[in-house]
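Coordinates in review
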Amino acid sequence: MTDRTYQPKHMWVRTWPGECGLNGKLLDDFVCIVEGEIVGRISVQEAGTMRNTYKWDAGHSKRLKVTVMPQGGYASDAREAARLVEEHYELERLAAGWPQTTDKLKSHTGN
């Protein structure tokens, strides 16, 4: 179930600011930044069987030397995909013996 009230806890920025797709609209493609490091990415799928869903990919941290599966999948909207990336990162921190993050909301995928 999608939680449309979810507020991302980390900073999300466009992967390619100002880049447009073939339709002329800004790309719906964002990366999650925690403590200066990209830890995940979400992007809308514009074609194929998963069209109009968001692909999420996590496990990008170079500092955490653990693997938590799954490291990606699909979600019905940007907020759900962001939640999955952020939860995955917290699970990685836990597996590595690191404390949870304390980052506050800095930006969200709607901007």
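The structure under discussion appears in the preceding block.
Our subject in this report is the structure included herewith. The structure presented is a predicted model; accordingly, all values stated were derived computationally and were not measured.

Rules of the game
- Residues numbered from 1 in each chain as written.
- Predicted model: local features only at pLDDT ≥ 70, side-chain atom pairs only at ≥ 80, totals over all residues.
- Heavy atoms only, no water.
- Helix = DSSP H or I, 4+ residues; strand = E, 2+ residues; numbered from the N terminus.
- Buried < 20%, exposed > 50% of the residue type's maximum accessible area, 1.4 Å probe, protein only.
- Contact = heavy atoms within 4.5 Å.
- Pairing = 2+ DSSP bridges.
- Axes fitted to C-alpha atoms, helices over the stretch in contact; angles between N-to-C directions.
- Polar contact = N/O pair within 3.5 Å; in protein donor to acceptor, adjacent residues only side chain to side chain.
- Expected span 1.5 Å × (residues − 1).

**Examining the environment of L26**
On the secondary structure map, L26 appears in the loop between β1 (11–14) and β2 (29–34). Judged by its relative accessible area of 42%, L26 falls in the partly exposed class. Through-space distance from the C-alpha of L26 to that of R14 is 9.2 Å; in sequence the pair is 12 residues apart. Aside from chain neighbours lying at most four places away, what touches L26 is R14, G18, E19 and C20.

**Details of the environment of H88**
Mapped onto the elements, H88 comes out in helix α1 (residues 78–95). Sequence separation between H88 and G40 is 48 residues, and the spatial gap between their C-alpha atoms is 9.0 Å. With sequence-adjacent residues up to four places away left out, H88 is seen in contact with W56, A58, G59, V68, P70 and Q71.

**Description of the sheet that holds strand β4 (residues 54–58)**
Where strands meet in a sheet, backbone hydrogen bonds hold them as pairs that are either parallel or antiparallel. Pairing in this open sheet of five strands is antiparallel, and the strands run β1-β2-β3-β4-β5 from one edge to the other. The open sheet terminates on both sides in strands that have one partner only, identified here as β1 and β5 (72–75). For this sheet, the mean angle separating the axes of adjacent strands, direction not counted, is 25°. Relative to β4, strand β3 (residues 37–44) runs antiparallel, the two sharing five bridges. The residue bridging V44 from the neighbouring strand is Y54, located in β4. Each of β1, β2, β3, β4 and β5 is contacted by α1, which is oriented at about 10° to β4, the strand it contacts most.

**Structural notes on the side chain of H10**
Residue position: H10 is located in the segment before β1. A polar contact is formed between the side chain of H10 and the side chain of T101, at a distance of 3.3 Å.

**A closer look at α1**
For α1, with 18 residues, the first-to-last C-alpha span of 26 Å sits near the 26 Å given by 1.5 Å per residue. Burial analysis of α1 places 13 of its 18 residues in the buried class, which makes it a mostly covered element. Where α1 starts, the residue carrying a side-chain oxygen 3.2 Å from the main-chain nitrogen of R79 turns out to be D77. Downstream of α1 by a residue or two, G97 has a phi angle that is positive, lying close to 80°.

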